[in-house]
Amino acid sequence: MMYKTVIGLEIHAQLKTETKAFCSCRADVFDLEPNTVICPVCTGQPGTLPVLNERVVEFAVMAGIAMNCTINRRSVFDRKNYFYPDLPKGYQITQYFFPIAENGYLYLVYGEEKRSIRIRRIHIEEDAGKMVHQGTESITGSSGSHLDLNRCGVPLIEIVTEPDLKSPVEARIFMELLRDTLRALGVCSGDMEKGALRCDANISMVDESGRSSNRVEIKNINSFKFVEKALEFEQERISKALASGVDVAKETRSWNFSSKETYSMRSKEEENDYRYFPEPDLPELIISDDLIERIERSLPELPWEKVERFMEQYSLPGYDASVLASDSEISSYFEEIAQATGKPKESSNWIMGEVMRLMNDRQLSLEEVKVSPENFKELFDLIEQGKISNKIAKDIFPVIVENGKSPTQLVREKGLQQIDDDTVIEDAVRKAMNDNPAAVQQFRDGKEGVLGYFVGAVMKATKGKANPSKANEIARRLLRD
Ligand code: ZN
Ligand code: MN
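First, a word on scope: everything that follows refers to the structure included in this document. (Residues numbered from 1 in each chain as written. Chains lettered and ligands numbered in written order. Predicted model: local features only at pLDDT ≥ 70, side-chain atom pairs only at ≥ 80, totals over all residues. Heavy atoms only, no water.)

Attention now moves to the environment of Asp78. Positionally, Asp78 belongs in strand β4 (residues 78-81). As a C-alpha pair, Asp78 and Asp180 span 102 residues in sequence and 30 Å in three-dimensional space. The residues contacting Asp78, other than those within four sequence positions of it, are Gln92, Ile93, Thr94, Gln95, Tyr96, Phe97, Phe277, Pro278 and Glu279. Looking at Asp78, its side chain comes within polar contact range of the main-chain nitrogen of Tyr96, at 2.7 Å. (Helix = DSSP H or I, 4+ residues; strand = E, 2+ residues; numbered from the N terminus. Contact = heavy atoms within 4.5 Å. Polar contact = N/O pair within 3.5 Å; in protein donor to acceptor, adjacent residues only side chain to side chain.)

What follows is the structure, given as structure tokens:
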């Protein structure tokens, strides 16, 4: 039996505002001393009232427009009631009945396929605090728990997709697309590892007759890799269950990243368990056409627009364009270099190759690996004029990164100029021929492939400095003689 996978995501994105959603406490509380960024409003003291942060509304509208949603001119805040120690008010302010935005979509590009993934809704809500359990990861088995209310009232948007994703890998790619979009807008840092972007995933499987399994929800996935891994695990678990004739339980599960499996948290609660009702302390949210127009006009270039522009303006292949466009720092660095050197494809190769590799290998930020566009131009010129080989250029690149020296100066200091002198190359070829007469014979018997051996010998003898095309040409000539 073949099963189709059906996945929908609910994503919480923390908004990069100065202050919290309904009070004037600062909003960026990551890693701060517990309970130092709280006030009577965000801790729900009697007699306090919430005041909506205007930036939160603007950011939510920006996200809504970027995701092709209808922006609702009227939306309403509601209370979602439940008890948990990290929620001192006993309810979360959210938008349940009338969200700020709905009915949007984003295009997911995966291989040859480009499909629209529908966005059901985007709503504004506040975050809850955090519990820190002694000695354990979870409350179970802990000897005691601490409360940190710093995060209470931090503004979020919750983005809910329709169940349009067909595989775990698509879910991961969608999350990356969403992160790139929110980052380009400047409304969310997109850092999953810091909890600024969190994902709950719903998965069910449908058999050939169209019968669907129960839906399983995986909560609080905090990395792009785990989105894919956790869903792969569930896909496997659910299809095995279905194949053996039992359905899976409708429940909420959690991903354990050390054991690489999901485990059951609780049977799924119903929406009506939360007794949603309109928040009496906040008026309806009315959005003017003016605000929408102003935001539409000021919207920055979005990742997919950048991909298209890069392909057109710089004649880059789609793959290069999408890698470079996914990060705004990388993409503007690329543009600086492409413009300074006039060689966009080479610039792209160097950034996607050497620059990104150094960032990755040495855990450096782009700022730390930034070779100036002028130095790149020099480096490209040296290669083009045949003064150094590509290999030498790559060898000295980390040195340029480290000390910022000009490539010309570095090449001169280290004596790395390419050897163009025919006699030096001829000597090296002749020596290799003397060393290996059998290979010479093979070449003369028609085994052209042996040529590589002689070119290699020349490169070795000259420590990689011989001009490779010259070495090739001279070796061929001398072998023929
Ligand atoms: Zn506060
Ligand atoms: Mn939520």
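Structure's up, so let's keep going.
Turning our eyes to something else, we now look at the coordination of the manganese ion (ligand 2). Surrounding the manganese ion (ligand 2) are the protein donor atoms His12 (NE2), Glu125 (OE) and Glu158 (OE), at 2.0 to 2.2 Å. Linear spacing of the donor residues for the manganese ion (ligand 2) on their chain is H-x112-E-x32-E. Of this pair, His12 sits in strand β1 (residues 4-14) while Glu125 is found in strand β7 (residues 113-126), placing the two residues 113 residues apart along the sequence. As far as the burial class goes, His12 and Glu125 line up, both buried. (Donors = N, O, S within 2.8 Å, 3.2 Å for Na, K, Ca; no water. Buried < 20%, exposed > 50% of the residue type's maximum accessible area, 1.4 Å probe, protein only.)

Before going further, it helps to examine the packing of helix α7 (residues 328-341) against helix α10 (residues 373-384). Two numbers describe how α7 lies on α10: the axes approach to 9 Å, and their chain directions differ by 50°. For the element pair α7 / α10, the angle class is oblique. Here α7 and α10 pass one another in a crossing that is right-handed. Counted together, Tyr333, Glu336, Ile337, Ala340 and Thr341 of α7 and Pro373, Phe376, Lys377 and Phe380 of α10 form the full contact between these two elements. Looking at the contact of α7 with α10 residue by residue, the classes come out as 6 nonpolar, 1 polar and 2 charged. (Axes fitted to C-alpha atoms, helices over the stretch in contact; angles between N-to-C directions. Parallel < 35°, antiparallel > 145°, perpendicular 65-115°, else oblique. Left-handed = near helix turned anticlockwise from the far one by under 90°. Nonpolar A, V, L, I, M, F, W, Y, C, P; charged D, E, K, R; others polar.)

On to the sheet that holds strand β2 (residues 70-71), then. Strand order in the open sheet made by the 9 strands is β2-β6-β7-β10-β1-β11-β12-β13-β14, with mixed pairing throughout. Sheet topology places β2 and β14 (261-267) at the edges, where each strand pairs with a single neighbour. With 9 bridges connecting them, strand β6 (residues 101-110) and β7 associate as antiparallel partners. Counted as the bridge partner of Leu108 is Arg115 from β7. Packed onto the sheet, helix α1 (residues 54-66) meets β2, β6, β7 and β10 (155-161) and runs at close to 165° relative to β7. (Pairing = 2+ DSSP bridges.)

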